[in-house]
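Next come the chains, spelled out residue by residue.
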Amino acid sequence: VDIAGSLTGLGSLLRDEGRLDEARELLVEAAELNARVYAGSHLELGRSYNALGMLAYSRSLYDEAAGWFGQAHAVLAATIGADNSGTLRTLNNLAVVLHRAGRLDESQRLFEQVIATRLAAGGDQTADLALSAKGLGWVLLDRGHLVRADSLLSSALATLEANPALGAAPLAEARLGVGACRLRQGRLAEAGRLVLPATEELATVYEPGHEMVRRGRELLRELARRQGR
């Protein structure tokens, strides 16, 4: 069991370093070991599946990632409960990759489920709620529900700005989302103040071909066109 946990930890570290093929070998080995040791459901098996989902997401393999996150959620819900924060984070991960895969109805339903469950649970859910609000805001933006998208993304941005330890990537994604809303509203000066720095930040934390980097550059081109440049 300790071996599998170490393999998962090392595989995740290699993923963060961009050594994705090496990471996959270790993470698959860890998952297979956990599946043999725990015939059925166990926290460590859920973590292994979640790590494989994160790896697939890093490679923009969104359908594969959705499969791993779905398995991880099923295992964690059966072991530590559907309302557990760790289980909900995995469900949030699933909602993210479904959005990336263009499965907007499913993604919206899961984000709303995560948010409703966290609100009902009480306690300090501020950080996790902000991340889910950011994700749901982007889905609604893509579905053309601009007013609600703007509200969610602006709220998420305020929380993420006040809590920089939550990471540069979520902050930049929220800022880009608010910028996209401002652009759709014709508020071009505000859009420029948000979209440009967000895109520059995303280009430092993601690979050049990442979906969010691509979207930022598309928004910059649209902004330039609408400003007559």
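Residues numbered from 1 in each chain as written. Predicted model: local features only at pLDDT ≥ 70, side-chain atom pairs only at ≥ 80, totals over all residues. Heavy atoms only, no water.

**So, the nonpolar core**
- Residues Tyr49, Leu94, Val97 and Leu176 are the most contacted members of the largest nonpolar core, which totals 63 residues.
- Examining the composition of this core, we find that 8 residues originate from one element, helix α9 (residues 168-184), more than from any other.
- Setting aside its immediate chain neighbours within four residues, Val97 contacts Tyr57, Tyr62, Ala65, Ala66 and Phe69. (Core = buried A, V, L, I, M, F, W, Y, C linked by side-chain atoms within 4.5 Å. Buried < 20%, exposed > 50% of the residue type's maximum accessible area, 1.4 Å probe, protein only. Helix = DSSP H or I, 4+ residues; strand = E, 2+ residues; numbered from the N terminus. Contact = heavy atoms within 4.5 Å.)

**Considerations on the pattern of salt bridges**
- Counted according to the given criterion, the structure contains 18 salt bridges.
- Between Arg103 and Glu106 there is a salt bridge; the shortest N-O distance is 2.9 Å.
- Taking the shortest distance from any N to any O, the salt bridge between Arg182 and Glu190 comes out at 3.1 Å.
- Here the residues in one salt-bridge network are Asp150, Arg182, Arg187 and Glu190, joined through shared partners. (Salt bridge = Lys/Arg side-chain N within 4 Å of Asp/Glu carboxyl O.)

**Overview of helix α8 (residues 146-162)**
- Taking 1.5 Å as the rise per residue, α8 with 17 residues should run 24 Å; its terminal C-alpha atoms sit 24 Å apart, in good agreement.
- Considering only its buried residues, α8 is in contact with α7 (126-142) and α9. (Expected span 1.5 Å × (residues − 1).)

**What about the packing of α9 against helix α10 (residues 188-205)?**
- The geometry of α9 relative to α10 is characterised by a closest axis approach of 8 Å and an angle of 150 degrees between their N-to-C directions. In terms of their interaxial angle, α9 and α10 are classed as roughly antiparallel. Judged by the sense of rotation from one axis to the other, the crossing of α9 with α10 is left-handed. Here α9 contributes Ala168, Ala169, Ala172, Glu173, Arg175, Leu176, Val178, Gly179, Ala180, Arg182 and Leu183 to the contact with α10, which in turn contributes Leu188, Glu190, Ala191, Leu194, Val195, Ala198, Thr199, Glu201, Leu202 and Val205. (Axes fitted to C-alpha atoms, helices over the stretch in contact; angles between N-to-C directions. Parallel < 35°, antiparallel > 145°, perpendicular 65-115°, else oblique. Left-handed = near helix turned anticlockwise from the far one by under 90°.)

**Some thoughts on the packing of α8 against α9**
- Two elements in contact, α8 and α9, have axes separated by 9 Å at closest approach and are oriented at 145 degrees. Seen from above, α8 lies across α9 with left-handed handedness. Between α8 and α9, the residues in contact are Leu146, Ala149, Asp150, Leu153, Ser154, Leu157, Leu160 and Glu161 and Pro170, Leu171, Ala174, Arg175, Gly177, Val178, Cys181, Arg182 and Arg184, respectively.
- Looking at side-chain class alone, the contact of α8 with α9 contains 10 nonpolar, 2 polar and 5 charged residues. (Nonpolar A, V, L, I, M, F, W, Y, C, P; charged D, E, K, R; others polar.)

**Overview of α10**
- In this model, α10 (18 residues) spans 26 Å end to end at C-alpha, consistent with the 26 Å of a helix rising 1.5 Å per residue.
- Among the residues of α10, Leu188, Ala191, Leu194, Val195, Ala198, Thr199 and Leu202 are the ones counted as buried. Projected onto a plane normal to the axis of α10, the buried residues spread over an arc of 125 degrees and lie on a single side. The exposed set on the far side of α10, more than 90 degrees from its buried face, consists of Arg193 and Thr204.
- Those residues of α10 hidden inside the fold are in contact with α9 and α11 (211-226). (Arc of directions from axis to C-beta.)

**Considering unusual backbone geometry**
- At Ser60, a position not held by glycine, the phi torsion is positive, near 60 degrees.
- Mapped onto the elements, Ser60 comes out in the loop between α3 (43-58) and α4 (62-79).
- Judged by relative accessible area, which is 35%, Ser60 ranks as partly exposed.

**Regarding the side chain of Ser48**
- As for its placement among the helices and strands, Ser48 is situated in helix α3.
- Judged by its relative accessible area of 1%, Ser48 is buried.
- Discounting chain neighbours no more than four positions away, the residues touching Ser48 are Thr8, Ala30, Ala31 and Asn34.

**Here we look at the environment of Ala82**
- Assignment of secondary structure puts Ala82 in the loop between α4 and α5 (85-100).
- Given a relative accessible area of 42%, Ala82 falls into the partly exposed group.
- Distance from Ala82 to Thr117, taken between C-alpha atoms, is 9.2 Å for residues 35 residues apart in sequence.

**A few points about the side chain of Thr199**
- You can see Thr199 is positioned in helix α10.
- Overall, Thr199 belongs to the buried group, its relative accessible area being 5%.
- Among all residues touching Thr199, those that are not within four sequence positions of it are Leu176, Val213, Gly216, Arg217 and Leu220.

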